Amino acid sequence: MRRAKITRKTAETEISVEVNLDGTGTYDNQTGVGFFDHMLDQLSRHSLIDMTIRAEGDLHIDDHHTVEDTGIALGQALTEALGDKKGIRRYGECHLPMDDAQVRAALDLSGRPFLVWNMDFAAPKIGTFDTELVREFFQALATHGGITLHVDQLHGFNAHHVAEAGFKAVARALRLAVETDPRKADAIPSTKGAL
Ligand SMILES: [Mn+2]
């Protein structure tokens with residue numbers, strides 16, 4: 001069963017994340033940050049990873065701790081659900097267009113966290129949401145999910161479209177990477193024998 005549940009509590013946030021890698025993309029995400037919930041829903045729907053996320057953070061300060069710590073907990077949940085990574089495809093990529101925006105995501109479930117980030121938001125805010133938090137989320141996800149993650153904006157001027165294309169591109173790439181490769185379902189996809 002490739003599932004995990006993580007709970008994480010600090011002085012700044014209290015978060016629970018449940019994932020099922022072999023899901024159908026059903027989700028119930030409530031962080032108190034509307035735009036972020038919208039993005040987490042996209043991440044689930046387009047990766048087909050079921051996600052239930054609850055976050056209660058110090059939103060009276062700003063959204064930063066809530067967004068970053070949700071990325072940490074989701075990364076930890078992915079790591080736990082993937083286990084020894086036996087049989088997975090490991091790599092995934094996607095060019096995701098959304099109206100004016102196109103974002104490319106390429107990732108490796110390598111166990112070696114690394115983020116390459118080439119996104120340029122034309123506006124500092126989407127509604128009340130700080131666009132710089134998109135990077136904070138993916139940095140936390142890559143670090144705690146053990147993901148080598150490259151996200152590149154190829155086109156786009158509307159910040160909502162660019163952000164959403166980014167989440168969808170990563171979702172699609174994740175879907176490919178976590179899926180089982182039926183040609184090699186019994187082996188860890190590395191010549192080192194471990195990931
Ligand atoms: Mn949208």
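Summarised in this report is the structure supplied together with it. (Residues numbered from 1 in each chain as written. Predicted model: local features only at pLDDT ≥ 70, side-chain atom pairs only at ≥ 80, totals over all residues. Heavy atoms only, no water.)

Things to note about the side chain of Thr 66
Structurally, Thr 66 can be placed in helix H2 (residues 64-82). If we ignore the near neighbours within four places in the chain, the residues touching Thr 66 are Thr 13, Ile 15, Thr 31, Val 33, Phe 36, Ala 55, Gly 57, Asp 58 and Leu 59. (Helix = DSSP H or I, 4+ residues; strand = E, 2+ residues; numbered from the N terminus. Contact = heavy atoms within 4.5 Å.)

A look at the packing of aromatic side chains
Evaluation of the coordinates by the stated rule reveals seven aromatic pairs. Ring centres of Phe 36 and Phe 129 lie 6.5 Å apart, and the angle between their planes is 15°; on these two criteria the pair is classed as stacked. One end of the pair, Phe 36, is in helix H1 (residues 34-47); the other, Phe 129, is in strand E9 (residues 129-130), and 93 residues separate them in sequence. The same class applies to Phe 36 and to Phe 129, which are both buried. Measuring from ring centre to ring centre gives 4.7 Å for Phe 138 and Phe 167, while their planes differ by 50°; the resulting arrangement is tilted. Of this pair, Phe 138 sits in helix H3 (residues 132-145) while Phe 167 sits in helix H4 (residues 159-178); the two residues are 29 residues apart in sequence, bridging distant segments of the chain. One exposure class covers both Phe 138 and Phe 167, and it is buried. Members of the aromatic cluster, joined through ring pairs, are Phe 35, Phe 36, Trp 117, Phe 129, Phe 137, Phe 138 and Phe 167. (Phe/Tyr/Trp six-rings, centres within 6.5 Å; stacked < 30°, edge-to-face > 60°. Buried < 20%, exposed > 50% of the residue type's maximum accessible area, 1.4 Å probe, protein only.)

Comments concerning the packing of H1 against H2
Orientation of H1 relative to H2, taken along the N-to-C sense of each, is 20°, at an axis distance of 12 Å. Judged on the interaxial angle alone, H2 and H1 are roughly parallel. The hand of the H1/H2 crossing is right-handed. Counting all contacts with H1, which are made through Phe 36, Leu 40 and Leu 43, the residues of H2 involved are Thr 66, Val 67, Thr 70 and Leu 74. (Axes fitted to C-alpha atoms, helices over the stretch in contact; angles between N-to-C directions. Parallel < 35°, antiparallel > 145°, perpendicular 65-115°, else oblique. Left-handed = near helix turned anticlockwise from the far one by under 90°.)

Let's talk about the sheet that holds strand E1 (residues 3-9)
Here four strands make up an open sheet; going across it, the order is E1-E2-E4-E3 and the pairing mixed. Where the open sheet ends on each side, the last strands, each with one partner, are E1 and strand E3 (27-30). When the angles between neighbouring strand axes are averaged without regard to direction, this sheet yields 5°. For strand E2 (residues 13-20) and strand E4 (residues 50-57), the ladder comprises eight bridges, and the chain directions are antiparallel. Looking at the pairing, Ile 15 lines up with Ala 55 of E4. Sitting on the sheet, H1 touches E3 and E4, and the angle it makes with E3 is about 160°. The strands that H2 touches are E1, E2 and E4; relative to E2, the one it contacts most, it runs at about 35°. (Pairing = 2+ DSSP bridges.)

Brief notes about the coordination of the manganese ion
Protein ligation of the manganese ion involves His 38 (NE2), His 160 (NE2) and Glu 164 (OE), the donor distances falling in the range 2.0 to 2.3 Å. Between consecutive donor residues of the manganese ion, the sequence gaps follow H-x121-H-x3-E. With His 160 and Glu 164 both in helix H4, this residue pair falls four residues apart, about one helical turn. Under the relative-accessibility criterion, His 160 is labelled partly exposed at 29%. (Donors = N, O, S within 2.8 Å, 3.2 Å for Na, K, Ca; no water.)

Details of the sheet that holds strand E6 (residues 101-108)
Strand order in the open sheet formed by four strands is E5-E6-E10-E7, with mixed pairing between adjacent strands. The sheet is open, and its two edges are formed by strand E5 (91-98) and strand E7 (114-118), each paired on a single side. Taking the axes of each pair of neighbouring strands and ignoring which way they run, one obtains an average angle of 10° across the sheet. Pairing geometry for E6 and strand E10 (residues 148-155), over seven bridges, is antiparallel. From the neighbouring strand, Gln 102 faces E10, where its bridge partner is His 155. Of the strands in this sheet, E7 and E10 touch H3, which is tilted by about 160° from E7. Strand contacts of H4: E5, E6 and E10, with the helix running at about 150° to E5, the strand carrying the most contacts.

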